[in-house]
Every structure is written in structure tokens, then in C-alpha cells.
Amino acid sequence: MILTEFTYVRPAALDEALAMLGSGPGARVLAGGQSLLPALRAGEERARLLIDVRHLEELRGVTRTGDGIRIGALTTLAELAAHPLVLAGAPELAAAARANGDPQVRNLGTVGGNLAVTGRPTDLPVAALAAGAAVELAGPAGRSTVTAEDLAATGVPGPAVVTALLVPAAGPAAAFEKTADRATRYPLCAAAVRITAEGPRIAVTGATPRALRLRGVEERLRGGPWTTRDVLAAFRAEPRELFVPGRGTSAEYLGHLAGVLTARALERAARITA
């Protein structure tokens, strides 16, 4: 049972969908539906107009660009997890997609929806932050590109939708680790890393208020070594208020867990590239 009434439309093209999105308050976009439909059923969300874009081929596909990979917003998590270009050039994203939910969720959930979710941690944003990715947006007022870090901080500016994720290709020097909340499968804590010429890029979610790139930890680990002891020491130097207690956990525990997962990810990324 869905506790809100709405008009359902199925536009023929993205520009038509964007015009509908700008028609007034209460217009919502339906892609994978793994977040929106349960929220509508529970009465947590309201919609006046439900715009179904699931059939729009212009939002699908994974392609190589000059310096990386372009991932269409309607690419499913299952497709992302198995795509050869992603496995070779952005393994942290493939691993984050594999860790998301269960097979049914991965077969329906989309890249754009996972990036756009607010109010709870999801897996792709933290991997996108570590990768230094950018996000293409489109709305009635035009198109733009923002960094994944800015999107995690502010959310999708409305009315707009995610159209693609743009990821610099890194080769195998990246990894993702997660401890899931047993009840929801959302990250209790997840960490993603990418090793670059300047040093490691490190991002965490679940333990923090939102997906965050931890530049202080990166600076402390610049130049190595990246042993578990060194990584945990780098995390202990972070302010405790960075980690948000909840779900029966303390800030101290979550900070330690974030350090452990980051150490594992760094070890895996370094081992692959050795």
C-alpha cells in the first residue's frame, strides 16, 4: 500500500523528463526505485508527479573517456560490479557495488540513485570520493558537473537529477572495505582508498555524518608506511566528534573501526600493485 496519491508519467526523452521535473513542487524521479518506493509506501515521502526514467537509454552504459570512465546514472549496481572497465580502472567502485544490499537490490538499484540518496549512508559515494570522481547533473535550468565530494556535502540541488558518474581511471591501485549493519545492510562503516602519486586518497562513511574524505589522515600517512598500527594512529589523531555514535556504538569504536577498514583497504590496494 502506497500512502500518497500521484500522477505517473513516462517521458520519451530526458529533456521531456527535466521539463516535467521543473513543473512544480512534488515532482519526483523514479529510477531503480529501491529507496523512493519503500519511502512512498511508508508515508515517509510524498510525490505529486512520479516521472519514470527507467527506459531512457541515454542514461545507461559504461564507456571509456579520454582520461577515465563515464558511468550512466541508470547503470545498475549489478552491472557496475561486473563491468570490465570498472573492474580494471575503478575497482573500489566495483567492490562498493558488490557490497550493496542483496542481489535483488543490486539488479534494480542504480548508480544515480545510490549517489543521490540522503538521510542514510550508501556505498557508492565513499568510493566516488576516494576516486576523485565527478558527477554530471541535469535539471530544467541546464546541465552541470560537480565533484563527488561536493555532492556528498550538499546533496543533489533540486530540481535536478544525476545523469552520470565520471571516474578517473586508476588501474588496480584502489580498494573498498565495509562492515554492514546486520539489519539494514547499509554501512555501519565503510572505507575506500585510492593510491596516487601524491599519496593515498581516503574516504569513510557510516561512522561519519556523511561520506567524507579524510585529508588529515591522508597527510599523516603520506609517504608511508601504511601498517595497521600507523593507520590506527592516524585515525586516533582525528577529532572524536568526527565520528557519530549510534546504533549501539560509540564514537571511539567507530573511529577504531574506520581505521581498521582503511588499513585493510590500503593493504589490499598496495598488494595488488606490488
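Now for a description of the structure that goes with this document. The shown structure was predicted, so the numbers you read here are calculated from the model rather than taken from an experiment. Along every chain, residues carry numbers that run from 1 in the direction the sequence is written. Selection of residues for local features in this predicted model requires a pLDDT of at least 70, selection of side-chain atom pairs for listing and counting requires 80 or more, and totals for whole chains, interfaces and linings are taken over all residues. Note: side-chain values were computed over all heavy atoms of the structure, leaving out hydrogens and water.

**A few points about the nonpolar core**
Residues Ile71, Leu93, Leu115, Leu124 and Leu165 are the most contacted members of the largest nonpolar core, which totals 38 residues. Helix and strand assignments come from DSSP, with helices taken as H or I runs of at least 4 residues and strands as E runs of at least 2, each series counted from the N terminus. Ranked by residue count, the leading element in this core is helix 8 (residues 124–131), at 7 residues. When checking whether two residues touch, look at their non-hydrogen atoms; a contact exists if any pair is within 4.5 Å. Beyond its immediate sequence surroundings of up to four residues, Leu93 is in contact with Ile71, Leu80, Val86, Leu124, Ala127, Ala128, Leu165 and Val167. Core analysis: the second largest hydrophobic core is formed by 28 residues, Val217, Phe235, Phe243 and Leu254 among them. Here, nonpolar core means buried Ala, Val, Leu, Ile, Met, Phe, Trp, Tyr and Cys residues that are tied together by side-chain atoms lying within 4.5 Å of each other. The buried label applies to any residue whose accessible area, calculated with a 1.4 Å probe on protein chains only, is under 20% of its type's maximum; exposed applies above 50%, and partly exposed to all values in between.

**Details of the sheet that holds strand 11 (residues 199–205)**
Strand pairing is defined by DSSP finding a minimum of two bridges between the two strands. Read from one edge to the other, the open sheet built from 4 strands follows the order 9-10-11-12, with strand pairing classed as antiparallel. For this open sheet the edge positions go to strand 9 (174–180) and strand 12 (212–213), each flanked by a neighbour on one side alone. Here strand 10 (residues 187–196) runs beside strand 11; their pairing, made up of 7 bridges, is antiparallel. Looking at strand 11, one finds that Ala190 is bridged to Thr205. Axis lines are fitted to C-alpha atoms, over the contacting stretch for helices. Their N-to-C directions set the angle, which ranges from 0 to 180 degrees. The strands touched by helix 5 (residues 91–98) within the sheet are strand 9 and strand 10, with strand 9 carrying the most contacts at an inclination of about 20°.

**Side note on the side chain of Glu238**
Note that Glu238 resides in the loop between helix 11 (228–236) and helix 12 (251–273). Overall, Glu238 belongs to the buried group, its relative accessible area being 10%.

**With respect to helix 8**
The buried fraction of helix 8 is high, at 8 of 8 residues. Just past helix 8, the residue Gly132 takes up positive phi, approximately 70°.

**Digging into the pairing of strand 10**
Most of strand 10 sits out of view: 9 of its 10 residues are buried. The sheet contact formed by strand 9 and strand 10 spans 7 bridges and is antiparallel. The residue of strand 10 that forms the bridge with Ala175 is Val193. Where strand 10 folds back onto strand 11 in an antiparallel hairpin, the turn is made up of 2 residues.

**Some points on the sheet that holds strand 8 (residues 161–168)**
What links the strands of a sheet is backbone hydrogen bonding, and the strands pair in either a parallel or an antiparallel sense. The strand order across the open sheet built from 5 strands is 4-5-8-6-7, with neighbouring strands paired in antiparallel fashion. The sheet is open, and its two edges are formed by strand 4 (62–64) and strand 7 (142–147), each paired on a single side. Across the sheet, the mean angle separating the axes of adjacent strands is 20° when strand polarity is ignored. Judged from the 3 bridges that link them, strand 4 and strand 5 (residues 68–72) form a sheet pairing that is antiparallel. Its bridge partner being in strand 5, Val62 is matched across the sheet by Ile71.

**Quick notes on the side chain of Glu218**
One can find Glu218 in helix 10 (residues 215–221). The class of Glu218 is buried, set by a relative accessible area of 2%. Not counting residues up to four positions away in its chain, the partners in contact with Glu218 are Pro200, Arg201, Ile202 and Arg213.

**As for the pattern of salt bridges**
Here, a salt bridge means any side-chain nitrogen of Lys or Arg that lies within 4 Å of a carboxyl oxygen of Asp or Glu. In total, this model carries 12 salt bridges according to the counting rule given. The residue Asp52 makes a salt bridge to Arg54 at a minimum N-O spacing of 2.7 Å. Looking at Arg54, the relative accessible area reads 37%, which means it is partly exposed. Put simply, Arg268 and Glu177 hold a salt bridge, and the shortest N to O gap is 3.0 Å. You can see Arg268 sitting in helix 12 and its partner Glu177 sitting in strand 9, a full 91 residues away along the chain.

**Some points on the environment of Glu241**
Within the element layout of this structure, Glu241 appears in the loop between helix 11 and helix 12. Residue Glu241 is classed as exposed on the basis of its relative accessible area of 66%. For the pair Glu241 and His83, spaced 158 residues apart in sequence, the C-alpha separation works out to 38 Å.

**Notes on helix 11**
Burial in helix 11 covers these residues: Val231, Leu232, Ala234 and Phe235. The buried residues of helix 11 occupy one face: seen down the axis, they fall within an arc of 155°. Helix 11 presents Arg229 and Arg236 as exposed residues on the side facing more than 90 degrees away from its buried surface. This arc is built from the directions going out from the helix axis to the C-beta atoms.

**Points about the environment of Arg60**
Inspection of the secondary structure puts Arg60 in the loop between strand 3 (49–52) and strand 4. Note on Arg60: relative accessible area 30%, which makes it partly exposed. One polar contact links the side chain of Arg60 to the main-chain carbonyl oxygen of Leu74, over a distance of 3.1 Å. Definition of a polar contact: a pair of N or O atoms within 3.5 Å, with one able to donate and the other able to accept a hydrogen when the atoms are protein atoms, and with sequence-neighbouring residues admitted only if both atoms are side-chain atoms.

**So, the layout of surface pockets**
Points on a 1 Å grid over protein atoms alone make up a cavity when a 1.4 Å probe fits among them but cannot get out, and a pocket when they form an open set with protein on both sides within 12 Å along at least five of seven lines; lining residues each have an atom within 4 Å of a point. Grid points are joined across faces, edges and corners, and a volume is the space filled by probe spheres set on the points. Of the volumes computed, that of the largest pocket is approximately 1100 Å³. Broken down by secondary-structure element, the contributors of at least two residues to the lining of the largest pocket are helix 1 (14–21), strand 2 (27–30), helix 2 (36–42), helix 7 (111–116) and strand 8. Gly counts as polar in this scheme, as do all residues outside two lists: the nonpolar Ala, Val, Leu, Ile, Met, Phe, Trp, Tyr, Cys and Pro, and the charged Asp, Glu, Lys and Arg. Looking at the lining of the largest pocket, its residues break down into 23 nonpolar, 15 polar and 6 charged. For the second largest pocket, the calculated volume is near 450 Å³. Around the second largest pocket sit 30 residues that line it, and Arg120, Pro121, Pro209, Arg210 and Ala211 are the ones nearest its centre. Looking at the lining of the second largest pocket, the elements that each hand over two or more residues are helix 7, helix 8 and helix 9 (148–154). Top element by residues in the lining of the second largest pocket is helix 9. It accounts for 4 residues.

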